[in-house]
Amino acid sequence: MNFRTSAIFLSSALLLVGCAHHHVVETMPSEGDTTEAKVDIGSKDVNVGDKLDVFKRVCTRRTRLGTPGSTPHCQEVRVGEAQVTKLLDENHSIVKPEGELKLEKSMSIKRK
């Protein structure tokens, strides 16, 4: 295995490990309603009352000296907390954001 193949394999493995605990916001109860959302984390991982961190993907473009064009650089930024209000099954629950946070389908959640 050459260096490039090793680097690609390691990067892929780290990406899978890094994303293993992030769960997506699946649906909003109704259009424009940001007070609760269904998420893909359930009774196997959380209980009613648990607090979860909420993340939003933020991407910027970076230009490297000596190379044409720019490359995207994305990271998950913590934007607030949500609380589990109802367990639907072992894989899904309803969460309610805390404070002024407005949930969006593009956000993800993670257990604390």
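All figures in this text were calculated on a predicted structure; none of them were measured in a lab. (Residues numbered from 1 in each chain as written. Predicted model: local features only at pLDDT ≥ 70, side-chain atom pairs only at ≥ 80, totals over all residues. Heavy atoms only, no water.)

K.L.:
Can you help me understand the overall build of the protein chain in this one?
P.N.:
Across its full length, the protein chain carries one helix and six strands. Its helices and strands in sequence order give the protein chain the pattern α-β-β-β-β-β-β, from N to C terminus. Scored against the burial criterion, the 112 residues of the protein chain give a buried share of 23%. The long-range fraction of contacts in the protein chain, counting pairs at least 24 apart against all pairs at least 6 apart in sequence, stands at 62%. (Helix = DSSP H or I, 4+ residues; strand = E, 2+ residues; numbered from the N terminus. Buried < 20%, exposed > 50% of the residue type's maximum accessible area, 1.4 Å probe, protein only. Contact = heavy atoms within 4.5 Å.)

K.L.:
Would you mind showing me how to read the environment of lysine 110 here?
P.N.:
Structurally, lysine 110 is set in strand S6 (residues 108–111). With a relative accessible area of 32%, lysine 110 lands in the partly exposed category. The sequence separation of lysine 110 and leucine 52 amounts to 58 residues, and the corresponding C-alpha distance is 5.6 Å.

K.L.:
Mind showing me how you'd approach the pattern of salt bridges here?
P.N.:
Side chains carrying opposite charge are able to pair once their charged atoms draw close together. Scanning the entire structure with this criterion turns up seven salt bridges. Where arginine 78 meets aspartate 53, a salt bridge forms, and the shortest distance between an N and an O atom there is 2.8 Å. Remark: aspartate 53 occurs in strand S3 (residues 51–62) and arginine 78 occurs in strand S4 (residues 71–87); sequence separation between them is 25 residues. Overall, the relative accessible area of 13% leaves aspartate 53 in the buried class. In this structure, lysine 112 and aspartate 53 form a salt bridge, with 3.5 Å as the shortest nitrogen-oxygen distance. (Salt bridge = Lys/Arg side-chain N within 4 Å of Asp/Glu carboxyl O.)

K.L.:
What am I meant to see in the side chain of aspartate 53 here?
P.N.:
Polar side-chain contacts of aspartate 53 include one of 2.8 Å to the side chain of arginine 78. A polar contact of 3.5 Å, which involves the side chain of aspartate 53, links it to the side chain of lysine 112. Aspartate 53 has contacts with Arg78, Gly80, Glu81, Ser108, Ile109, Lys110 and Lys112, leaving out every residue within four places of it along the chain. (Polar contact = N/O pair within 3.5 Å; in protein donor to acceptor, adjacent residues only side chain to side chain.)

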